[in-house]
Amino acid sequence: MEPLVTLKATAAPLRLANVNTDQLFPARFIKKPRAVGYAQYLFHDIRRNGASELDQNFSLNQARFSDAKVIVAGANFGSGSSREGAVYALYDAGFRALFAPSFGEIFASNCLKNGILTAKLDQPTIDAIQSLLLSSDDASVIVDINSETLTLPSGESISLTLDPFQKHCLINGLNEIDLSLEFHDAISAFEATYRQQYPWISS
Amino acid sequence: MSATLFEKIWTNHVVTDRDDESLIYVDRVLLQENSFHAFDKIRREQRSVRNPAQAFAFSDHYVPTRNRELGLGGITDPEIRNMVELIASDTDAYGIELFGIGHDYQGILHVVGPEYGITQPGLVIAGADSHTSTHGALGAYAFGIGSSEVAHVLATQTLWRSKPRTLQITVTGERQPGVSSKDLILYLIRTIGSGGAVGYAVEYTGDTIEQLSIEARMTVCNMSIEAGARAGLIAPDEKTFDYMRGKPLIPTGSAWDQAMQHWQTLKTDDQATFDRDVRIDATAIVPQVTWGTNPEMVVDVTGTIPDPAKENDLERRARMERALEYMGLQPDQSIQSIPLDRVFIGSCTNSRLEDLRIAARVMDGQTCRLPTMIVPGSEQVKRAAEAEGLHQIFENAGAEWLAPGCSMCVAINGDKLGPGERAASTSNRNFEGRQGQGGRTHLVSPAMAAAAAITGQFDNISNYSEARSWNL
């Protein structure tokens, strides 16, 4: 996994709540192998809004946000299915940090496994950032994981609250399986006791 | 010290703690065709599968519902066929049991898990599907995970988790005739919102929940994720134990007795408290219908489409307008005046024997006005329904009786709505494009869907004189 320590990039506002994983990555594309690149499927239907052409009202279709690596979204972003393809599509399209009042839980777990930051900010803060991004010429922000800050184009710095485990995994680009295998002996000891206590589960 | 049901299961499974996360032991992991990314990761990183016997795989999302007797040969789309073949070769390579086409217990993972005895009280069950919350109906802590976490469980038999907060949802009072557990959970999501339970492990309590059958409880727990909760639990009781007895993986003899001693401790202690409480009065609930593109967009069957102009929150108003445009509906239009095109009865939410029995009672001796697909949740459900002659009732009414799978709930096996087609569906998500690009979904209970098949529109089934005898 790519470490994520600091990121200076364009942030795109997405003024929608409850954006679900079917909108992020429609189910009919799940069967595609990752090697084809999932960026082409990101927001595939919602960014066209039923037409074949891209909808210019959809912020991510606008030229000024074309190189965005950050999304500032509405509440409950990534709700719905467990499909990790939704996160692969974001990753393949270059996104590394997401801000919203809340996230779908499975989606947020999937993001962390792929080195994408999900950070919660309250609704008024999200509203203010979105307005700023839409109204100013400069939409570039700085995300700093160590200092837990998001610096806006205006120079204002907003503090983030990251959980220590998330921070540790992102900064070190940690492959969690390697981390967990360090606990191999503890897992084996737990398992032996557990199987003795609840023998019907594994027999 | 007193503890909730969830806390008891959690404590029992903590291997170690680090910062604010715990390494949790996972008893069972459930896989489906879309788990191919997880197997790719295992291969790429040259990992081994720690305990193949604790993994169970299912062919359900991509299997065809027609021409099943042709096996793989019945799948004409090469990409879909590849998915069904991949799960077979991946599970074969790692020695994992597959409930595939032709297996006596093939079916939707959340239907087969309980009926095969994979699901038991007190277990931690992680599944490659968000509706893994279903298994909480038997008192398990069960939740959906993505591919990376599936690979993590396969390699380590554990997962890192921060402990969720606890939410008790207490449902009390006698339901009106025709009001099913589907209506309860739709009403709940309407009440607390589709993000209303994010961050919580939910426990459902109260006399209304206790009164529900195990299958009906599965419908409630299944849609916990539609309220944002990764897991929803119901404490096991005599109904749970009766349900489990005799299932293939359920212990027998002295092992059953030993298990029972443990299972009977799996309930929230009297003195235990939850981080949050929500109370629902079941007596007030009538049959529910979704009108929009999110499971919180729900109204009574006797109601009308809400008017965005009356919504003060601008963001919410915009979402309502967008939903109405997608759904092709007008503000203030009555629910019962919406003309429907198709009916789908199936999915991990509502495809079990009791669901099909109710649908059959509504359709018995009637003729469907709408093209109607009935997809049993598993091979076992299909056989049991056929033994009772339910399939004949459906076929005599003109409905299609199909082979088990997820089918048009997620619309990736070839079963789907066309653009603009409007369906009454017993599934769990009404998202844009969920049942086919441009397709329009109204989520309802099996009885409501069956009535819609007959009348061509939504009917208030609470008024049906026979609804009192449905034993929902």
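About the thresholds
Residues numbered from 1 in each chain as written. Chains lettered and ligands numbered in written order. Predicted model: local features only at pLDDT ≥ 70, side-chain atom pairs only at ≥ 80, totals over all residues. Helix = DSSP H or I, 4+ residues; strand = E, 2+ residues; numbered from the N terminus. Rg over C-alpha atoms; globule rule 2.2 N^0.38 Å. Buried ≥ 20, exposed ≤ 12 C-beta atoms within 10 Å, placed from the backbone. Contact = placed C-beta atoms within 7 Å. Nonpolar A, V, L, I, M, F, W, Y, C, P; charged D, E, K, R; others polar. Expected span 1.5 Å × (residues − 1). Arc of directions from axis to C-beta. Core = buried A, V, L, I, M, F, W, Y, C linked by C-beta atoms within 7 Å. Pairing = 2+ DSSP bridges. Axes fitted to C-alpha atoms, helices over the stretch in contact; angles between N-to-C directions. Right-handed = clockwise from strand over helix to strand, strands pointing away. Parallel < 35°, antiparallel > 145°, perpendicular 65-115°, else oblique. Left-handed = near helix turned anticlockwise from the far one by under 90°. pLDDT = per-residue confidence, 0-100.

1. Here we look at the overall build of chain B
- When helices and strands are counted, chain B shows 15 helices and 19 strands.
- Computed over its C-alpha atoms, the radius of gyration of chain B comes to 21 Å, within 12% of the 23 Å expected for a compact globule of 472 residues.
- If you line up chain B on its principal axes, its C-alpha atoms span 55 × 55 × 45 Å.
- Counting all 472 residues of chain B, 61% fall into the buried class.
- The long-range fraction of contacts in chain B, counting pairs at least 24 apart against all pairs at least 6 apart in sequence, stands at 77%.

2. Topic: the overall build of chain A
- Summing up its helical and strand segments, chain A has eight helices and seven strands in all.
- Along the longest, intermediate and shortest principal axes, the C-alpha atoms of chain A span 65 × 40 × 30 Å.
- Within chain A, buried positions represent 41% of all 203 residues.
- Across chain A, every contact between residues at least 6 apart in sequence was considered, and the portion connecting residues at least 24 apart equals 66%.

3. Considering the interface of chain A and chain B
- Contacts between the two partners involve 46 residues from chain A, matched on the other side by 58 residues from chain B.
- In the side of chain A that touches chain B, the residues fall into 18 nonpolar, 15 polar and 13 charged.

4. Notes on helix α4 (residues 123-135) of chain A
All names here are of chain A.
- End to end, α4 covers 18 Å across 13 residues, agreeing with the expected 18 Å (1.5 Å per residue, within 8%).
- Listing the buried residues of α4 in full gives Ile126, Ile129, Gln130 and Leu133. One side of α4 holds all its buried residues, which, seen down the axis, span an arc of 100°. Seen from the open side of α4, the exposed residues pointing more than 90 degrees away from its buried face are Pro124, Ser131 and Ser135.
- Here the buried face of α4 lies against β1 (6-14), β2 (68-73) and β3 (97-100).

5. Describing the nonpolar core
- Residues Leu98 of chain A together with Ala359 and Met363 of chain B are the most contacted members of the largest nonpolar core, which totals 210 residues.
- It is helix α15 (residues 446-455) of chain B that provides the largest number of residues to this core, a total of eight residues.
- Filtering out sequence-adjacent residues up to four positions away, alanine 359 of chain B remains in contact with Ile345, Ile374, Pro446, Ala447, Ala449 and Ala450 of chain B.

6. Things to note about the environment of isoleucine 305 of chain B
Residue and element names in this part refer to chain B.
- With respect to the helices and strands, isoleucine 305 occurs in the loop between β14 (298-300) and α11 (314-327).
- Isoleucine 305 sits 66 residues away from proline 371 along the chain, and the two C-alpha atoms are 25 Å apart.
- With near-sequence residues (within four places) excluded, isoleucine 305 lies in contact with Trp291, Leu324, Leu329, Gln330, Pro331, Asp332 and Gln333.

7. Looking at the sheet that holds β1 of chain A
Residues and elements named next belong to chain A.
- In space, the seven strands of this open sheet follow the order β4-β3-β2-β1-β5-β6-β7, with mixed pairing throughout. In this open sheet, the two edge strands, each paired with only one partner strand, are β4 (117-120) and β7 (157-159). The sheet shows a mean angle of 30° between the axes of neighbouring strands, direction not considered.
- Here β3 pairs with β4 via four bridges, running parallel. Bridge pairing links leucine 98 to threonine 118 in β4.

8. Quick look at the pairing of β2 of chain A
Residue and element names in this part refer to chain A.
- Burial of β2 is extensive: six of the six residues sit out of reach of the surface.
- Alignment of β1 against β2, held across five bridges, turns out to be parallel. Opposite threonine 10, over in β2, you have alanine 68 as the bridge partner.
- As paired strands, β2 and β3 are joined by three bridges and run parallel to one another. Across the sheet, valine 70 pairs through a bridge with alanine 97, a residue of β3.
- Since β2 and β3 lie parallel, the crossover through helix α2 (residues 85-92) that links them has a hand, and here it is right-handed.

9. Side note on unusual backbone geometry
- Even without being glycine, alanine 411 of chain B reaches a positive phi, approximately 55°.
- Relative to the helices and strands, alanine 411 of chain B is located in the loop between β17 (400-401) and β18 (422-425).

10. A closer look at the sheet that holds strand β15 (residues 342-345) of chain B
Residues and elements named next belong to chain B.
- With parallel pairing, the five strands of this open sheet are ordered in space as β17-β16-β15-β18-β19. The outermost strands of the open sheet, each flanked by one partner alone, are β17 and β19 (440-443).
- Direction of pairing for β15 relative to β18: parallel, over a ladder of three bridges. Bridge pairing in β18 links phenylalanine 344 to serine 425.

11. Here's the deal with the pairing of strand β5 (residues 140-144) of chain A
Residue and element names in this part refer to chain A.
- Along β5, the buried face is formed by Val141 and Val143; none of Ser140, Ile142 and Asp144, which line the opposite face, is buried.
- Pairing of β5 with strand β6 (residues 149-151), which is carried by three bridges, proceeds in the antiparallel orientation. Along β6, the bridge assignment pairs isoleucine 142 with threonine 151.
- Hairpin connection of β5 to β6: four residues between the antiparallel strands, including glutamate 148 at a positive phi of 55°.

12. A few points about the packing of helix α2 (residues 36-44) of chain B against helix α5 (residues 147-156) of chain B
Residue and element names in this part refer to chain B.
- Orientation of α2 relative to α5, taken along the N-to-C sense of each, is 55°, at an axis distance of 8 Å. Relative to α5, the element α2 lies oblique. The chirality of how α2 crosses α5 is right-handed. Listed contacts from α5 to His37, Ala38, Lys41 and Ile42 of α2 are Ser147, Ser148, Val150, Ala151, Leu154 and Ala155.
- Split into classes, the residues belonging to the contact of α2 with α5 amount to six nonpolar, three polar and one charged.

13. Remarks on helix α6 (residues 181-192) of chain B
Residue and element names in this part refer to chain B.
- For α6, spanning twelve residues, the distance from its first C-alpha to its last is 17 Å, which sits close to the expected 16 Å at 1.5 Å a residue.
- With respect to burial, α6 is a largely interior element, ten of its twelve residues being buried.
- All of the buried residues along α6 are Ser181, Lys182, Asp183, Leu184, Ile185, Leu186, Tyr187, Leu188, Ile189 and Arg190.
- On its buried side, α6 packs onto β9 (165-172), α8 (214-222), β12 (276-281), β13 (288-290), β14 and β19.

14. What to know about the confidence of the model for chain B
- Chain-level statistics for chain B give a pLDDT mean of 97 and a share of 100% at 70 or above.
- Model confidence for the complex: the whole-complex pTM is 0.97, and ipTM, which rates the interface, is 0.96.

15. What to know about the environment of phenylalanine 95 of chain A
Residue and element names in this part refer to chain A.
- As for its placement among the helices and strands, phenylalanine 95 is situated in the loop between α2 and β3.
- As for phenylalanine 95 and glycine 115, which are separated by 20 residues in sequence, their C-alpha atoms are 9.9 Å apart.
- Other than its neighbours up to four places away in sequence, phenylalanine 95 contacts Lys69, Ile71, Leu90 and Ile116.

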